[in-house]
Amino acid sequence: MTDPIEPVVTFIDAHRQRFVDELVTWCKIPSISSDAAHPEEVRRSAEHLRAHLATLGATSTAILETKGHPAAYAEWKVDPALPTLLIYGHHDVQPIDPLPAWHSPPFDPQVREGRLYGRGVVDDKGQVLIHANAIEAFVRARGRVPINIKMLVEGEEEIGSVHLEDLMQREAARLTADYVVVSDTAMFGRGIPSLCVGLRGIAYFDVEVSAHEMDLHSGSFGGGVHNPALVLARMLAALHDENGHVTVEGFYEKVRTLTDAERAEIASLPFDERAWIAASGTHAAVGERGFTTLERLWTRPSLECNGLTAGWQGHGPKTVIPAFARAKVSCRLVPDQDPKEIAAQVEAHLAKLAPAGVKVTTHYIHGGRPYLAPTDHPVFEIAKRAFSRAFGKPTVFIREGGSIPFVRTIADVTGKPCLLMGFGQPDENAHAPNEWLDLENFHLGIKSAAFLYDELARTTHT
Ligand code: BES
Ligand code: ZN
């Protein structure tokens, strides 16, 4: 007897090119969620996906509204006796600047040497379509998907999923599931199937230091008043000590100590630091003393300045002492740190660092909690099997330094672990110019998703 997955795999092989073409079409919609001037593009992207899913045998589809950008939703209800899988992804993308650094237009994706280049191709439209394509393969080749499937694709992930908790509360009934999978992470390296079992959280805020009502002449006032640019620079510089530790009081209080087993597992991965430095386009690996690079990125919290501005930035000189200086600051968090608590600690610390005579204002923008998966849950063995079947190699467990606020929230709501089955590459240029998707990974990703559904269909859910 032939394996009933065979026609599904054959379908995936036969439609390899069309799947790429459909991804290109969707990626032409510039769904930049942070671009307040063009919210209609994010809506168009949600509607495009919803309409596409409706043609793939979905039993219902919807646009789910939020106070910000909408999400697309679809459901394939086949049999209440079968388990239900919830797939989450996002259809919003990051801004494209600096535009001159792109080798081809960000919203006119092009294939070069087996890679598709364009904004959103891997983060996360390509990874959303991996699932849509696997679903299509089942529907066309076998008449239906082998389990019940729900798909939620939000439009605000890149700006901190600010309305997601509201939406999840409102749509709680729609989001119940036995299993949850998210494809929005990268693999450890080329061809290495990698299940991500930990994500860092985030706390994002801006800081303003102001000292005068307006800019002052630097000749008449220089040396006699505070300079907010220098004050803010000193304050930011004081947030780390010479060992790379964050100096904010209480910052490490809730950080779990790494166990020897965790350290050994991370050390067992074939990490080539030199190659990592080269691929990142940077020149050195630096950070908190006492930890390896992977430990720093995956298991330790960080505090970074994401942007800094003050005073004259135009062409040529202008002799002023700026009235204010501003910084965007964010912390990546690990269990059991809490975003609001950390933001409050940083705010208090900055207030203490400020000299008399300046005003410091901190404004919280968004936050997301960290996630660490219970890897002894049986679903991880199932996912490993599916992933390895597609890629023909053993699956490794990794963590990531990035954040996906949905993950921890859904794990809490459903009480089920969230599978992070990602198909990106560590040097995929996500958020940067020339973002790319490895088309072989895209193809094998579709097969991995199909194998995952197939394996889940054989489980008895509780
Ligand atoms: N795909 C990323 C998450 C990610 C980043 C996974 C790095 C693995 C490595 C996601 O789209 C993202 O960029 N998330 C934001 C979330 C934030 C705005 C709350 C992030 O991590 O900055
Ligand atoms: Zn992203």
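Here we summarise the structure given alongside this text. (Residues numbered from 1 in each chain as written. Chains lettered and ligands numbered in written order. Predicted model: local features only at pLDDT ≥ 70, side-chain atom pairs only at ≥ 80, totals over all residues. Heavy atoms only, no water.)

**A look at the sheet that holds strand 14 (residues 359-368)**
At step 1: The strand order across the open sheet built from four strands is 11-13-9-14, with neighbouring strands paired in antiparallel fashion. In this open sheet, the two edge strands, each paired with only one partner strand, are strand 11 (302-310) and strand 14. Across this sheet, the average inter-strand angle for adjacent strands is 15°, counted without regard to direction.
At step 2: Pairing between strand 9 (residues 201-210) and strand 14: nine bridges, direction antiparallel. Note that in strand 14 the partner of Phe205 across the bridge is Tyr364. (Pairing = 2+ DSSP bridges. Helix = DSSP H or I, 4+ residues; strand = E, 2+ residues; numbered from the N terminus. Axes fitted to C-alpha atoms, helices over the stretch in contact; angles between N-to-C directions.)

**Overview of the site of ligand 1**
At step 1: In the neighbourhood of ligand 1, 16 residues make up the surrounding shell, with Asp123, Glu157, Asp184, Arg332 and His431 lying closest.
At step 2: The side chain of His90 places a nitrogen or oxygen atom 3.1 Å from an oxygen atom of ligand 1.
At step 3: Within the side chain of Arg332, one N or O atom sits 2.8 Å away from an oxygen atom of ligand 1.
At step 4: Considering only residue class, the shell around ligand 1 consists of three nonpolar, seven polar and six charged. (Near = heavy atom within 4 Å. Polar contact = N/O pair within 3.5 Å; in protein donor to acceptor, adjacent residues only side chain to side chain. Nonpolar A, V, L, I, M, F, W, Y, C, P; charged D, E, K, R; others polar.)

**Structural notes on the coordination of the zinc ion (ligand 2)**
Six octahedral donors at a metal ideally form angles of 90 or 180 degrees, and four tetrahedral donors ideally form angles of 109.5 degrees.
At step 1: Protein coordination at the zinc ion (ligand 2): the donors are Asp123 (OD), Glu158 (OE), Glu158 (OE) and His431 (NE2), at 2.1 to 2.6 Å from the metal.
At step 2: Taken together, the six donor atoms coordinating the zinc ion (ligand 2) and their angles of 55 to 153° define a geometry best described as irregular.
At step 3: Binding-site remark: the zinc ion (ligand 2) is held by donors from one chain whose sequence spacing is D-x34-E-x272-H. Taken as a pair, Glu158 in the loop between strand 6 (148-154) and helix 5 (164-170) and His431 in the loop between strand 17 (418-421) and strand 18 (436-438) lie far apart in primary sequence, 273 residues in all.
At step 4: Judged by its relative accessible area of 16%, Glu158 falls in the buried class. (Donors = N, O, S within 2.8 Å, 3.2 Å for Na, K, Ca; no water. Tetrahedral: all angles 85-135°; square planar, octahedral: opposite > 155°, others 65-115°. Buried < 20%, exposed > 50% of the residue type's maximum accessible area, 1.4 Å probe, protein only.)

**Focus: the packing of aromatic side chains**
At step 1: The full count for this structure, using the stated rule, is nine aromatic pairs.
At step 2: Measuring from ring centre to ring centre gives 6.5 Å for Phe11 and Phe19, while their planes differ by 45°; the resulting arrangement is tilted. Like Phe19, Phe11 is buried.
At step 3: Between Phe188 and Trp298, the ring centres sit 6.3 Å apart and the planes meet at 70°, which makes this aromatic pair edge-to-face. Taken together, the residues Phe188 in the loop between strand 7 (179-182) and strand 8 (194-199) and Trp298 in helix 10 (residues 293-299) connect sequence positions 110 residues apart. This pair shows no difference in class: Phe188 is buried, exactly as Trp298 is.
At step 4: What links up through ring pairs into an aromatic cluster is the set Phe387, Phe391 and Phe423.
At step 5: A cation over a ring is seen here: Lys384 above Phe397, with NZ or CZ 4.3 Å from the ring centre.
At step 6: Positioned above the aromatic ring of Phe451, the side-chain terminus of Arg389 is 4.1 Å from the ring centre. (Phe/Tyr/Trp six-rings, centres within 6.5 Å; stacked < 30°, edge-to-face > 60°. Lys NZ or Arg CZ within 6 Å of the ring centre and 35° of its normal.)

Functional significance is not addressed by these values, which are geometric in nature.
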